[in-house]
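Observations on the model geometry
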Amino acid sequence: MKEIEITCKLGRELSEDEIRTAAIKALGMSPKVKTQVKYRVMRRSIDARNDILYRYRLEVYKPDETVPEYVLEEYKDVSAAEPVIIIGAGPAGMFAALRLLMRGFKPVILERGKDVHARKFDMAKLSKEGTVNPDSNYCFGEGGAGTFSDGKLYTRSSKRGDIREVLHQLVRFGADPAILIDAHPHIGSDKLPVVVENIRKCITEHGGEYHFDSRVTDIVKKGDGSFDVVCNGGQIWSSRKVILATGHSARDIYEMFDRKGWEIQAKGFALGVRVEHPQSLINKIQYHGKYQPYMPTAEYSFVTQIEGRGVFSFCMCPGGILVPAATAEGELVLNGMSNSARNSKWANSGVVVQIEPEDFPEYAQHGPLALLQFQKDVERKMFEYTGSLKAPAQRMMDFCRRIPSTGLPQTSYHPGAANAPLHELLPEHVSLRLKYAFPEIGNKKMHGYYTNDALLLGVESRTSSPVRIPRDPDTLEHTQVAGLYPCGEGAGYAGGIVSSALDGINCAAKI
């Protein structure tokens, strides 16, 4: 076997003959065996440095060599098996459940929100009427926050586990097989709901259970070491093992742990703004003026250091829209999403500043909930400025110059934008670093990015959990509560769909 790279121009695919011709050359074989060589496409990426090309990485094999195949384990009928309670039906919870099916355990999933179809109606009311359902919104409900945030699958690190299990599972349940090879794969918020529904059907058809509208209000550790999990409707579910996969916005869970005296820790996170540009401008920048309609919609990412803290783009949504991600009345939070076609006329991304507990000593009185309280206060301040889900907004150059904007550009954000001094509303720790970061990015990394045609909207604050629920590094159980497995973004051990799914798989594997 040898690895090779082949390029071709965007707008067409590599032909079988091109691949085989390159394969026999790399293997040093005669053209007579060209039709007998084998290959496997490993990765496809876009190279926009000079000519705009697809760059393929392939493994090529001689006729007598075997091409390794990735084979998923089969699911077992677990109708009568031992139950494992999973709190949360996001990526961590769903993929933990699938691994449990493979190993003969019965997953019982308790989800505070609604199924993925019913959830859409609550999100529509949130965007159009400003009505927040605290249990069913862009963060809570079947599929978790990632279902309606573009479905980006960018994690390629193998340190958490074999990502092939996650990607192949997603393809099995309806995702485009291109996610197996694309360097920056995504599914799209229009297609993910079907994938999520198919996962649920698989779990229930094999004997697992889903219980929606089941917000956990208490977890009771009994004398025999098992658990009673109490839900808001009074239902009690019992199990020897519990996977806690509640996501980064389940503040009530952190508060419950704090009341019980179960260890939690303040954890750094990032906070900033959503930045919205015309997508045509991002296409022009990233393709160096060579963009054509057949090319994929351009995206971007960057990271820099400003005064000892990281400033970076987060959850970039090419051809996307902005949505309200509040989970309670009286708070204002923004997120971005894209459909699979990525065909809106806007590009948006979070641009955020890293925050550590020591940056805000005035919140130390809140102990492990210090940065959670800080996060709440910033979100409430944004809401109080407009008195609604209308987002405080400012043009980019005006923000950096500390001057009011005269009029605002159009925005994809349905509740609308209100002209506001974002440079004053944001914490100074964040505002000053963004002030220096935007010109730096525009001058050194993406010429044209720093422009008054870009709109900043506040606030992007749900980048990750501001709390960590500590666990034993070997068993993955909570440090004080045996049999309880803190998991995914909500526990502070993942960030994004793939890493959360892997963490769910790892916790299920320990069980």
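Attention in this report is confined to the structure presented alongside it. Predicted model, so just to flag it, every value in this text is computed and none were measured.

Some points on the pattern of salt bridges
The full count for this structure, using the stated rule, is 34 salt bridges. Measuring nitrogen to oxygen at the nearest pair gives 2.6 Å for the salt bridge that ties Glu 165 to Arg 99. Pair noted here: Glu 165 is in helix α4 (residues 163-172) and Arg 99 is in helix α2 (residues 91-103), with a separation of 66 residues, a long-range link. Notably, a salt bridge pairs Glu 299 with Arg 342, separated by 3.5 Å at the nearest N-O pair.

Focus on the packing of aromatic side chains
In total, this model carries 12 aromatic pairs according to the counting rule given. With a centroid separation of 5.2 Å and 80° between ring planes, the pair formed by Phe 257 and Trp 262 is classed as edge-to-face. The pair Phe 257 / Trp 262 is uniform in exposure class, with both members buried. One residue, Arg 112, lies across the ring of Phe 140, its end atom 4.2 Å from the ring centre. The ring of Phe 399 carries Arg 402 above its face, with NZ or CZ at 5.2 Å from the centroid.

Brief notes about the pairing of strand β20 (residues 455-460)
Burial of β20 is extensive: six of the six residues sit out of reach of the surface. Sheet topology places strand β12 (residues 269-278) next to β20; four bridges connect them, and they run antiparallel. The residue bridging Arg 274 from the neighbouring strand is Leu 457, located in β20. As paired elements, strand β18 (residues 391-395) and β20 share three bridges and run antiparallel to each other. Paired with Ala 393 across the bridge in β20 is Leu 457.

Considerations on the sheet that holds strand β10 (residues 242-244)
Strand order in this open sheet of five strands is β6-β5-β4-β10-β22, and the pairing throughout is parallel. On the outer flanks of this sheet lie β6 (209-211) and β22 (484-486), each paired with one strand and no other. Across this sheet, the average inter-strand angle for adjacent strands is 20°, counted without regard to direction. For β10 and β22, the ladder comprises three bridges, and the chain directions are parallel. Bridge assignment links Ile 243 to a residue of β22, and that residue is Tyr 485. Its contacts with the sheet put helix α5 (residues 192-205) on β5 (106-110) and β6, and the angle it makes with β6 is roughly 125°.

Some thoughts on the state of the cysteines
According to the stated counting rule, one finds zero disulfides in the structure shown. Distance from the sulfur of Cys 315, which forms no disulfide, to the nearest cysteine sulfur (Cys 317) is 4.3 Å.

A few points about the sheet that holds strand β14 (residues 309-317)
The seven strands are arranged β13-β14-β17-β12-β20-β18-β19 in an open sheet whose pairing can be described as mixed. A strand with exactly one partner marks an edge of an open sheet, and here the two such strands are β13 (303-306) and β19 (417-419). Within the sheet, the average angular offset between the axes of one strand and its neighbour, ignoring direction, is 35°. Of the strand pairs in this sheet, β13 and β14 are connected by four bridges, and their pairing is antiparallel. Looking at the pairing, Ile 306 lines up with Arg 309 of β14. Contacting β12 and β17 (346-355), helix α7 (residues 279-286) runs over the sheet at an angle of about 95° to β12.

A closer look at unusual backbone geometry
Excluding glycine, residues mostly have negative phi values, and the peptide bonds linking residues are mostly trans. Residue Val 459 follows Gly 458 across a cis peptide bond; omega there is 10°. Despite not being glycine, His 288 has its phi angle at roughly 55°, a positive value. By secondary structure assignment, the location of His 288 is in the loop between α7 and β13. Unusually for a residue other than glycine, Arg 342 sits at a positive phi of about 50°. For Arg 342, the location among the structural elements is in the loop between β16 (334-337) and β17.

What counts and what doesn't
- Residues numbered from 1 in each chain as written.
- Predicted model: local features only at pLDDT ≥ 70, side-chain atom pairs only at ≥ 80, totals over all residues.
- Heavy atoms only, no water.
- Salt bridge = Lys/Arg side-chain N within 4 Å of Asp/Glu carboxyl O.
- Helix = DSSP H or I, 4+ residues; strand = E, 2+ residues; numbered from the N terminus.
- Phe/Tyr/Trp six-rings, centres within 6.5 Å; stacked < 30°, edge-to-face > 60°.
- Buried < 20%, exposed > 50% of the residue type's maximum accessible area, 1.4 Å probe, protein only.
- Lys NZ or Arg CZ within 6 Å of the ring centre and 35° of its normal.
- Pairing = 2+ DSSP bridges.
- Axes fitted to C-alpha atoms, helices over the stretch in contact; angles between N-to-C directions.
- Contact = heavy atoms within 4.5 Å.
- Disulfide = S-S within 2.5 Å.

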